[in-house]
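Here is what each chain is made of, one letter per residue.
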Amino acid sequence: MPQPSKALFSGDRSSYDEAFQAFRKQCRHEALGESWIQGQLGDDHWFQRNVDHFIQLVDLTYAGAVVPFVGAGISASAGFSSWKDHLRRQGKTAHIALERIEALLASGAYETVLEEIEAVRGREVFIQEIRDEFSRNLTIPDVVWRISELFTDTVITTNYDRLLEQSFETGEAGRVQVINGLNALEQPDPKKITVIKLHGDIQNPKRCILSKNQYDEAYGNGSLNMHKPIPKLLAYHYKNSSLLFLGCSLSNDRTVQVFRKIREGMGEEEETKQHFSIEQAPESLEEIAQRNAELAKLGITPIWFEKGRYELVESILSLAKNELRHWGVAPQPLPVEEPPIKLDMDLSHFLGDFIDLMPLLHWLHRAVPRAATSQYLSAMQRVFHGHSFATQQTDKNLAYALDNLLRALANSAEFGGYAHGKLSAAFESIQQYLNSIGGVNHLDDDFERNIHELLTIPASQLETLVANKVDGSFDYHAIRLISALLQHGKNQCISQKSFCELPSAVNHEFGDYISLALSASLGVSVPDRLDQIYTGDIQSLCEDAWNNLGKPIDLRFFDRVKWLFAQILQ
C-alpha cells in the first residue's frame, strides 16, 4: 500500500492516533538525546529537562515571541571556517608565528589577534582575507533552511556571510531587509524579513566590525557603553523577545557582556524574558550543572545535544517545526509573486552559476589577449569560489586549490606576500588531495617554501598523476587545469612587470572542464555546439557578460538568460 498511514487513519482512528503519538515520542527522544544523556550522565534527569525546555521553546515560538540569534557555528555547518580557524588563516596570510596566534586564541584574546594582524600587514590585507572566506557561495545547509522556515520576522546574527539572506530570498529577491550593526537603530520594514547583521555584511567588508578598535567604537572603549547603537539594539531584544542562540559559544565576548550588564541592571520586579540556547552538552554531571548555572545567570535556558553532533541542531529545529504543524500552525512566509517564467528550482540555481561562467565562455576556443589576463583569471576564480554545478562533483581539495591558485595569479603580476599566502594554501590543498588518494605528498613538511617551489613541486607531482590517470572525470580535468595554471605561474615569475599571455592550455583545459559540467547538469554542450538557432544569442549574451564583468548584474540581463534557457529546454 503506497500510504499505509492514510489507510490506518481511515480504518481505525484510535489505532492511528496511538501509532502517531508513539512516533512523535520516538522523534522527540531521538532529537533530544535520551539514549546518549542516560548513557553519559547516568539517568534521565537532564533529558527530562531537555523535554521541558523544548516544550517551553515551542510554546513561545507558537506565540511569535522567539527571535533567533545566529552565530558562527551555523556558518561552519555550510563549510565556512569557524572564527578560530579563520583567525589562524589570517595569521598565516599575515605571516605571524603560529605559536603566537595559538596562544592568543587559547586565552580567548580574539580581538588581540585582529589587532596584531592589522598592525603587521594593514587593514586591507585583513579585509581581503575576510572577503575571500565569507563571500564564497556555499550550499545552504539544512539548519539554515529550518531557521528560515520557523522564523519569518527578525533574525539577528554576528556572521558576515549571506546564508540567511539567500535562504529567505529563494524564489524572490528583495524579501529581506539587511540592517548593518553600524546602523543598528534603523527602522525595520514590516513588509520584509529583517536580518540584523551586528558586525557587518561581507558585501561591504569595509563596514564590517573587525578590529579591536572597531569593537571598542561599537561597544565602548574600556567599559560597555549601553547608549551605543548595537548595545541598545541588543538590550531591546533581550528585554522584549525570547532570543534563541544557535551556533553561539556564549563565552565572554562583547555580546555576552552586554547581556550580562542588562541582566545585572534589571530590578527584581522587572519581567525577565526566557531565552534559549541549543548547545552541545558537557560530558560530566559537574560540568553540565556548572554550565547550566552560567547560562541561568544570563537568563538563558539550555537545550542540550550530544557533544560533536552538530547535525542535531537541525533535528531539534525540525522537531519544533513538526510540533507546530501538529498543533495546526506554522510560521507563514511573506507572500511571493510568481516570476513570469517559472523554472524548476534546480535550474534557477543553475542559471545563477551559468551567469558566472558567461564572461569566460566569451573566450572559449579563442586566444585571451594579454591585457585581459588578470580579468579572465579573476572571472575563472569566481567559478571555483563556491559550491556550484561546475564544482559540486570535483574533489573539495582540488576546488579549493583552484580557488587560491587563481587568486594568486589574478591579483598582481608581481608575486608578493598575498600571492605567497594563496599559493601556500593551494599547495597544501593539493597535498591533501594527493594524501587522500594514497599519493606521495609533502603534508608533513614543516618549513616554508618559496614561490618557485610552490609552483614547481605540485606541477611535477600532477604531471606524474595525469600520465597515469586518464579517466575523463571531474577530478581529472581539474588536475589538468591546475597543471596549466601552474605553468602560467612559472611563466609569470619570469616576467613580473606585467601580466604575461595565458598559455592556450589554460583556455583549452577550462573548456573541457566546463563541457563536462554542462553535459552532466543539462545534457548540453558548450555554446558553440548548441543548436544553431540559439548559438548567436548565447554568444551575444556572453560578450555582454564579459563587457560588464565586475558590474552589478542587470535583472533584465538575468531575464534574457532565463528566457533563452526556457526556450532551449522546451
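Up top is the structure these notes are about.
A brief report on the enclosed structure follows. Just so you know, these numbers come straight off a predicted model, no measurement behind them.

Section: the nonpolar core
Then comes step 1: By size, the foremost hydrophobic cluster in this structure holds 93 residues, and its most contacted members are Y160, L244, F259 and I278.
Then comes step 2: At seven residues, helix 16 (residues 311–326) tops the list of elements feeding residues into this core.
Then comes step 3: Among all residues touching I278, those that are not within four sequence positions of it are L244, F245, L246, I303, F305, V313, I316 and L317.
Then comes step 4: Formed by 64 residues, the second largest nonpolar core is a distinct cluster that contains F384, F389, I430 and V466.

Things to note about the sheet that holds strand 7 (residues 300–305)
Then comes step 1: If you walk across this open sheet you meet the seven strands as 3-4-2-1-5-6-7, and the pairing is parallel. Lying at the two open borders of the sheet, with one neighbouring strand each, are strand 3 (176–180) and strand 7. Going across the sheet, the axis of each strand differs from the next one's by a mean of 20°, ignoring polarity.

Observations concerning the environment of S77
Then comes step 1: Residue placement: S77 occurs in the loop between helix 5 (72–76) and helix 6 (83–93).
Then comes step 2: S77 gets classed as partly exposed once you look at its relative accessible area, which sits at 44%.
Then comes step 3: Along the backbone, S77 and E311 are 234 residues apart, and their C-alpha atoms lie at a distance of 8.3 Å.

A look at empty space enclosed by the protein
Space left empty within the atom packing is revealed by a probe, the size of a water molecule, rolled over the atoms.
Then comes step 1: In the structure shown here, the tally under the stated rule is three cavities of 30 Å³ or more.
Then comes step 2: As a volume, the largest cavity reaches approximately 90 Å³.
Then comes step 3: As for the largest cavity, its lining consists of H86, R89, E129, D132, E133, R136, Y400, D403, N404, R407 and K422.
Then comes step 4: Of all elements in the fold, only helix 6, helix 9 (123–134) and helix 19 (396–411) reach the threshold of two or more residues within the lining of the largest cavity.
Then comes step 5: A total of four residues in the lining of the largest cavity trace back to one element, the largest contributor, which is helix 19.
Then comes step 6: When the residues that make up the lining of the largest cavity are grouped by side-chain class, the tally is one nonpolar, two polar and eight charged.

Thresholds applied
- Residues numbered from 1 in each chain as written.
- Predicted model: local features only at pLDDT ≥ 70, side-chain atom pairs only at ≥ 80, totals over all residues.
- Heavy atoms only, no water.
- Core = buried A, V, L, I, M, F, W, Y, C linked by side-chain atoms within 4.5 Å.
- Buried < 20%, exposed > 50% of the residue type's maximum accessible area, 1.4 Å probe, protein only.
- Helix = DSSP H or I, 4+ residues; strand = E, 2+ residues; numbered from the N terminus.
- Contact = heavy atoms within 4.5 Å.
- Pairing = 2+ DSSP bridges.
- Axes fitted to C-alpha atoms, helices over the stretch in contact; angles between N-to-C directions.
- 1 Å grid on protein atoms, 1.4 Å probe; cavity = no way out; pocket = protein on both sides within 12 Å on 5 of 7 lines; lining within 4 Å.
- Points joined across faces, edges and corners; volume = space filled by probe spheres on them.
- Nonpolar A, V, L, I, M, F, W, Y, C, P; charged D, E, K, R; others polar.

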